[in-house]
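# An overview of the molecular structure
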Amino acid sequence: MEPFEKTILVTRPYFPPLEDFKKACEKIWQNQYLTNNGPVLREFQQRLADYLRMDVKNLDLFNNGTLALEVGLYALDLSGYDVITTPFTFVATAHAIKRIGANPVFADIDPENLCLDPAACEKLITPRTKAIVPVHVYGHPCDVDGFARLSEKYGVKIIYDAAHAFGVKLRDRSIAAYGDMSMFSFHPTKLFHSCEGGLLTFADSSLQAKLEQLRNFAILSETKCIDVGTNAKMNELQATMGNLCMNAVDRLIAYRRSIHETYEKAFARCENIRMVNPISGNTNITPDDFSRNDAYCPVLFKDFETREKVYKELKKYNVFARRYFYPLLTDFTPYLGGNETPVAKDAAARVLTLPTYDNLSLHDVEKIASIVKEIAGESK
Ligand code: T4K
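What you see is a predicted model, and the numbers here were worked out from it, not measured in a lab.

## Let's talk about the pairing of strand β9 (residues 181-185)
Where burial is concerned, most of β9 is hidden: five out of the five residues are buried. Bridge analysis of strand β6 (residues 157-161) against β9 gives three bridges, and the strand direction is parallel. Note on β9: the bridge partner recorded for Asp161 is Met183. Bridging between β9 and strand β10 (residues 198-202) involves five bridges; their strand directions are antiparallel.

## Re the domain arrangement of the protein chain
As a measure of interface size, the accessible area lost when the parts come together is often cited. The domain boundaries assigned to the protein chain delineate domain 1 (8-13 + 249-376) and domain 2 (18-246). Measuring from the centre of the C-alpha atoms in domain 1 to the corresponding centre in domain 2 gives 24 Å. The interface of domain 1 with domain 2 comprises 42 residues on the first partner and 48 residues on the second. Roughly 3,900 Å² of surface becomes buried between domain 1 and domain 2 when both sides are summed, with 64% attributable to carbon and sulfur atoms.

## A short note on the layout of surface pockets
There is about 450 Å³ of room inside the largest pocket. Phe90, Ser185, His187, Thr189 and Lys190 are the residues nearest the centre of the largest pocket, which is lined by 28 residues in total. Secondary structure elements with two or more residues in the lining of the largest pocket: α3 (65-75), α4 (91-99), β9 and β17 (351-354). Roughly 220 Å³ of internal volume is contained in the second largest pocket. Together, 13 residues line the second largest pocket, and Leu328, Thr330, Asp331, Thr341 and Lys345 are the ones closest to its centre. In the lining of the second largest pocket, the residues fall into five nonpolar, five polar and three charged.

Conventions we followed
Residues numbered from 1 in each chain as written. Predicted model: local features only at pLDDT ≥ 70, side-chain atom pairs only at ≥ 80, totals over all residues. Heavy atoms only, no water. Buried < 20%, exposed > 50% of the residue type's maximum accessible area, 1.4 Å probe, protein only. Helix = DSSP H or I, 4+ residues; strand = E, 2+ residues; numbered from the N terminus. Pairing = 2+ DSSP bridges. Domains from an automatic or database assignment. Contact = heavy atoms within 4.5 Å. Buried area = accessible area lost by both parts, 1.4 Å probe. 1 Å grid on protein atoms, 1.4 Å probe; cavity = no way out; pocket = protein on both sides within 12 Å on 5 of 7 lines; lining within 4 Å. Points joined across faces, edges and corners; volume = space filled by probe spheres on them. Nonpolar A, V, L, I, M, F, W, Y, C, P; charged D, E, K, R; others polar.

This is how it looks when you write it as structure tokens:
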């Protein structure tokens, strides 16, 4: 097989038409407002509420997903307590916990959809545990019923890292409707973005005032500051990009479905390559309950050696897949040691996320899949 002439990356941001962006910017120039809760941000916030079918009082925008999560956890007074989370995620999840002065405790994941396993979490709950931060990894839904049960039984807060899950629906509601709080990342590597950005959704609307203070230094007026806040505000240019991406989001999700299906078809008869199943067999969630976003295309190879071979040799074909999420967070300096998580360790050793983005043609996807099969020694 010939290498691609162009570079194929794991993802590419969606770019709305430049003319539309220029036109939308006219509003900002007229308003003479660039940040600090400007009118475009308010418009974006309302559009998100409509899209997610939530009240605008139950969500807030931030300048990125990491700070959104950090501010959200801080607002829930978790500092000084244990917070259970997954080691199979991007470092930002644990960083947000650690940076507010809480202690991340790592539990194992489900072998099917690779999300945090409630049963593994339950074994680690102690009187010091005040919250659990599961991740809807790749946009796969966590066992929301299992976590709701833990919340009820032990009084722990459930804060979903939904960085990958924008547009996902479960039982006809947005995935944002589950748990005490959810964080969505609007980074350009996500299917929906605002250049950089983050969204917090929360069940308790009385939190909104506190979150808005915290993201603005916790100053109430020129002469009053009530807490150790930060600067985590989304600006008007970000909100403009978000509004434009909003116009395209459903189309982008539908196209990713076709990319995913193309990979699925190509790997259907392979013995050593399997697409990760978004729904775990250990939950009450059925395929009919779930409307997916196909944010990522993760595959598992039979072993670490095959995954490494495919990851490295793909580059010779100009294809830059990524090993999301390898290594585990417990192999990174700030989180060394701690619990053994064998299922997560195995997944991290065998997973590779393949390219998916809106202007990657299905023809190119077929070719990538053929190259992957060839390198992995799959003849079918
Ligand atoms: N929780 C979870 C579970 C997350 O996955 C993330 C972020 C967060 C929390 C935190 O949310 P944010 O604070 O980011 O809103 C990327 C992203 O930077 C990161 O947002 C994302 N997760 C993570 C999974 O992936 P890198 O280090 O892999 O990014 P980078 O620069 O290597 O980009 C990936 C590919 O995309 C490259 O091949 C280049 C291409 N690319 C990237 C950008 C930014 C472009 O073509 N154009 C671009 O503008 O972390």
